[in-house]
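Examination of the molecular architecture
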Amino acid sequence: MAEKQLEKEVAKLDVSIFEIVGPIMIGPSSSHTAGMARIGRMAKDIIGADLKRIQIALHPQIKSTFKGHETDVAIVGGLLGMREDDESIKDALKIAEKKNIDTMVSFLPSTYQNPNTVVLTVESDHGIISITGISIGGGSFKITDIDGKKVSFTGKTNYLFVNYTKKETENKIIKTLEADKALQEKQLGYGAIQTRNNYLFWLSFLNSMPGNILREIRKLDGVIDARISPPILSFGLSKQPHRPLFKSIRELMELAREQGSLFEAILKYETNRSGRTAKEIIDLMGTHLEIMQKAVDQGLKEEITLVTGLASGIDGKLLARSVENGNSISGDVLPTAISRALAVMEVNGSMGTVVAAPTAGSCGIIPGCLLTVKDKKNLSDFDVIRALIVAGGIGVTFAHAGVSFSGAVGGCQSEVGVSSALAASALVELVGGNPMQVAHAAALAIKNMLGLVCDPLGGPVEVPCIKRNAIGVANAFAAAEMALAGIKSVIPPDEVLLALKNVQSLLPSELKGSAMGGLACTPTARKFRGESNLCCVLDS
Ligand code: SF4
């Protein structure tokens, strides 16, 4: 049986609305906390043995930010088997220490292209292995390399991993798998590599594997261990690679015409790609809505302690009180929405539970906007769920256009900018706008955000991130109001996405989360960071 590798294709074609409005996660960063925790968890399944030593090598571009993003903590948590929404992940380093697992952090040479790259060199009962992963943004990831051999694992399917000592065992594993005709249908790809200690075989597959196959593989001569790794990103996957029902905004508009509404079109897209029923999708988005509401309440009512305390943690409460006291100069909708966005971001900055939308650094914008209009207009939970599903569908077109959702890859236009656009489209949907108005709201919002830089102070997702969500909210309302009034983007929405992608690639790395430019290089930021010899663009 020749090598078969379709999973890469699946990953390219398959974008879930829950990758856009999600994941539910512990803050503060979707790329550098949730995505990295998932890389750690996938690495744990690849290794399949008790860990002794973990060396984490990060890209130098995130040298100043990884501590504030709790990146090492998240990776170790993942390697210990914790999910990105597991509250105990905060204590991962202490738990590792108690288990006598050594952990250390180092940095890669800057020749690695992607700033969200991590190389994990892990010693376990199976020997030493090096696993390279890239956090793609919004919590998604890819494992790209094991011991110098190229692989492509996205964590979206089930995997069978087998460690074995003799090369010839590979054929026996394949024969055992081929004997099961039903399993043949579910296969998405398989392959084998020689690692530095033995061999590793993998099979990527859908649904389930009969237990007897695993038992038979374990009995084969030369097999050390075999195990099933369930999907790390469990969005469901209905069938072999197929063209998604839409990839661009134009195609989404056509599908909406056929289906009678944007909501129905996006539900059909998600049911088609995931195999889930419409009810399951609506219920799952309902869970996301509950978490959003909880984060708003927590941020406005409870005492919040931010990871570094760089920001106060009370800004959401301050603004809410100001509105209550009648001090608003722009009516109560906008500042209330902003107060809620700040509150959610403060929960995120305290390693609380939030819904990345599409990232943790922008997680306040969508709940701030939608929950405020819901209350103001006395709308139902279902109305908001419908708007969230539409936001997810619009975000899917961004992903298919090749737009990054990571500040380290494309600047803050990729996080606050994209979230503002999704919120604008969701606001239009929420109040009954038509599909073209939804699309133009997203385009108008993005146009106003092009070039927004990512320049957090020293790492934590606090300054300017928390208050930057405020402009995301204001811009979303501005774009939604214009679109509802019939104002259109002169540049068609799909072309605006190309412009965003273009500006993402043109932004210099100094303005992409490296703390080498912008606010991160101001005298106050330097004082906070305690580094006198920073190499900032301001110095030149
Ligand atoms: S500045 Fe924007 S992109 Fe950068 S970490 Fe903060 S929220 Fe994320």
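Rules used throughout
- Residues numbered from 1 in each chain as written.
- Predicted model: local features only at pLDDT ≥ 70, side-chain atom pairs only at ≥ 80, totals over all residues.
- Heavy atoms only, no water.
- Helix = DSSP H or I, 4+ residues; strand = E, 2+ residues; numbered from the N terminus.
- Rg over C-alpha atoms; globule rule 2.2 N^0.38 Å.
- Contact = heavy atoms within 4.5 Å.
- Areas by Shrake-Rupley, 256 points an atom, 1.4 Å probe, with all protein chains shown as cover.
- Expected span 1.5 Å × (residues − 1).
- Buried < 20%, exposed > 50% of the residue type's maximum accessible area, 1.4 Å probe, protein only.
- Polar contact = N/O pair within 3.5 Å; in protein donor to acceptor, adjacent residues only side chain to side chain.
- Pairing = 2+ DSSP bridges.
- Domains from an automatic or database assignment.
- Buried area = accessible area lost by both parts, 1.4 Å probe.
- Axes fitted to C-alpha atoms, helices over the stretch in contact; angles between N-to-C directions.
- Near = heavy atom within 4 Å.
- Nonpolar A, V, L, I, M, F, W, Y, C, P; charged D, E, K, R; others polar.
- Parallel < 35°, antiparallel > 145°, perpendicular 65-115°, else oblique.
- Left-handed = near helix turned anticlockwise from the far one by under 90°.

**With respect to the overall build of the chain**
- A count of helical and extended segments in the chain gives 21 helices and 13 strands.
- Relative to the 2.2 N^0.38 estimate, which gives 24 Å for 540 residues, the radius of gyration of the chain is 23 Å and therefore close to what a compact globule would have.
- Dimensions of the chain along its principal axes, counting C-alpha atoms only, are 75 × 60 × 40 Å.
- For the chain, contacts bridging at least 24 residues in sequence account for 75% of all contacts bridging at least 6.
- Of the roughly 20600 Å² of accessible surface on the chain, 52% is carried by carbon and sulfur atoms.

**Structural notes on helix 11 (residues 278–301)**
- When the terminal C-alpha atoms of helix 11 are compared, their 34 Å separation across 24 residues agrees well with the 34 Å that a helix rising 1.5 Å per residue should span.
- Every buried residue of helix 11 is accounted for by Ile 281, Ile 282, Met 285, Gly 286, His 288, Leu 289, Ile 291, Met 292, Ala 295, Val 296 and Gly 299.

**Some remarks on the environment of Arg 218**
- With respect to the helices, strands and loops of the structure, Arg 218 is situated in helix 8 (residues 211–219).
- Classification of Arg 218 by relative accessible area gives partly exposed; the value is 43%.
- Between the alpha carbons of Arg 218 and Val 162 there is a distance of 8.3 Å; along the sequence they are 56 residues apart.
- Not counting residues up to four positions away in its chain, the partners in contact with Arg 218 are Val 223, Asp 225, Ala 226 and Arg 227.
- Only 2.7 Å separates the side chain of Arg 218 from the backbone oxygen of Ala 226, close enough to count as a polar contact.

**A word on the pairing of strand 11 (residues 199–205)**
- With seven of seven residues buried, strand 11 lies mostly within the body of the structure.
- By the alternation rule, side chains of strand 11 split into Tyr 199, Phe 201, Leu 203 and Phe 205 and Leu 200, Trp 202 and Ser 204, which are all buried.
- Bridge count for strand 10 (residues 187–194) against strand 11 is seven bridges, and the pairing is antiparallel. What sits directly across from Gly 191, in strand 11, is Trp 202.
- The hairpin turn running from strand 10 into strand 11, its antiparallel successor, is four residues long.

**Considering the domain arrangement of the chain**
- Domain boundaries in the chain define domain 1 (25–153) and domain 2 (249–529).
- Using C-alpha coordinates to define each centre, domain 1 is positioned 27 Å away from domain 2.
- Both faces considered, domain 1 and domain 2 share a buried interface measuring about 1800 Å² in area, 55% of it formed by carbon and sulfur atoms.
- On the domain 1 side of the contact with domain 2, Met 25, Pro 28 and Gln 61 bury the most area, a combined 30% of that side's loss.

**Section: the sheet that holds strand 6 (residues 127–137)**
- Read from one edge to the other, the open sheet built from six strands follows the order 4-3-5-6-7-8, with strand pairing classed as mixed. Only two strands of the sheet have a single partner each, and these edge strands are strand 4 (102–107) and strand 8 (149–153). For this sheet, the mean inter-axis angle between neighbouring strands, taken without regard to orientation, is 25 degrees.
- Pairing of strand 6 with strand 7 (residues 140–146) involves six bridges; the strand directions are antiparallel. Looking across to strand 7, one finds that Ile 131 is bridged to Ile 146.
- On the sheet, helix 4 (residues 71–79) packs against strand 3 (51–58), strand 4 and strand 5 (117–124) and is oriented at approximately 145 degrees with respect to strand 3.

**What to know about the site of the ligand**
- Taken together, Gly 361, Gly 407, Cys 412, Glu 415, Cys 454, Asp 455, Pro 456, Cys 465 and Arg 468 form the complete shell of residues around the ligand.
- The class makeup of the residues in the shell around the ligand is four nonpolar, two polar and three charged.

**Structural notes on the packing of helix 3 (residues 30–47) against helix 4**
- At a closest axis distance of 6 Å, the pairing of helix 3 and helix 4 adopts a crossing angle of 30 degrees. As the angle between them shows, helix 3 and helix 4 are arranged roughly parallel. The crossing of helix 3 and helix 4 is right-handed. Here His 32, Thr 33, Met 36, Ala 37, Gly 40, Arg 41, Ala 43, Lys 44 and Ile 47 of helix 3 lie close against helix 4, whose contacting residues are Thr 71, Ala 74, Ile 75, Gly 78 and Leu 79.

**So, the side chain of Asp 315**
- Within the secondary structure layout, Asp 315 lies in helix 12 (residues 315–324).
- What makes Asp 315 buried here is its relative accessible area of 15%.
- Reaching out from Asp 315, the side chain makes a polar contact with the side chain of Ser 312 at a distance of 2.9 Å.
- Among all residues touching Asp 315, those that are not within four sequence positions of it are Leu 342, Glu 346 and Lys 467.

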